[in-house]
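The lines below spell out each chain.
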Amino acid sequence: MKFFHTSTIKKLDAYTIEHEPIASIDLMERAAEGVVKAALELLPRRPGKCRAAVFCGTGNNGGDGIAAARLLAGRGFTVRAFLVGNREKLSRDAAEMERRLVACGITLEDYAGSADQLAYTANAGVVIDAMLGTGLNNPVKGKYAEVI
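Now for a look at the structure at hand. Source: prediction; values computed, not measured. (Residues numbered from 1 in each chain as written. Predicted model: local features only at pLDDT ≥ 70, side-chain atom pairs only at ≥ 80, totals over all residues. Heavy atoms only, no water.)

Attention now goes to the overall build of the chain. Within the chain, the secondary structure is distributed over six helices and four strands. From first element to last, N terminus to C terminus, the chain shows the α and β order α-α-β-α-β-α-β-α-β-α. By principal-axis analysis of the C-alpha atoms, the chain measures approximately 40 × 35 × 30 Å. Among the 148 residues that make up the chain, the fraction classed as buried is 36%. With the model as given, the accessible surface of the chain reaches about 8,800 Å², and the carbon-plus-sulfur share is 54%. For the chain, the distance from the average site of its 19 positive side-chain charges to the average site of its 17 negative ones is 5 Å. (Helix = DSSP H or I, 4+ residues; strand = E, 2+ residues; numbered from the N terminus. Buried < 20%, exposed > 50% of the residue type's maximum accessible area, 1.4 Å probe, protein only. Areas by Shrake-Rupley, 256 points an atom, 1.4 Å probe, with all protein chains shown as cover. Lys, Arg positive; Asp, Glu negative; His and termini not counted. Charge placed at Lys NZ, Arg CZ, Asp CG, Glu CD.)

So, in structure tokens, the structure goes:
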């Protein structure tokens, strides 16, 4: 596995969007497909018997998670997606992924740390962290720190 500095990842994303025939929303779908593939490889049980808890931020990494939640549901998982952060700050692509998620009958729930949300997460077969992406350059605070 190769690791890249955040500045390199941003340049690679920008290059791909600008020079390849692929839109940023389609890159988000591809990232989500990778997450689903990894989840399926890690879980010993059939997807129809698995729960997934997906924690999403407001940026494009959150959009990747929202898309992954939709794709996991399509593969038979019981899914709950939690928004950690302010809904008004959703990136354009993340907002589109929320629209697609809702069209599949799944709500992007505001994370409140409720007993119900915590119990669901504790019993999930897979927990996906899609809260913070390559733009993180400050200490983690607030709800993000609470979830982590």
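One pass over the structure, following the stated rule, counts zero disulfides. Cys 56 forms no disulfide, and the closest cysteine sulfur to it belongs to Cys 104, at a distance of 14 Å. Judged by relative accessible area, Cys 56 falls into the buried class, the value being 0%. (Disulfide = S-S within 2.5 Å.)

Evaluation of the coordinates by the stated rule reveals nine salt bridges. A salt bridge links Glu 98 to Arg 87; the nearest nitrogen and oxygen atoms lie 2.3 Å apart. Placement of the pair is Glu 98 in helix H4 (residues 92–103) and Arg 87 in the loop between strand E2 (78–83) and H4, with a sequence separation of eleven residues. Among the residues examined, Glu 98 registers a relative accessible area of 15% and is labelled buried. Owing to a relative accessible area of 26%, Arg 87 belongs among the partly exposed residues under this scheme. Ionic pairing is found between Glu 96 and Arg 100, a salt bridge with its closest N-O pair at 2.9 Å. Of the two residues, Glu 96 and Arg 100 both sit in helix H4, four residues apart, roughly one turn of that helix. Accessibility expressed as a relative area gives 22% for Glu 96, which makes it partly exposed. On the accessibility criterion, Arg 100 (25% relative accessible area) is partly exposed. (Salt bridge = Lys/Arg side-chain N within 4 Å of Asp/Glu carboxyl O.)

Honestly, that's just the spatial picture; any functional story needs more than this.
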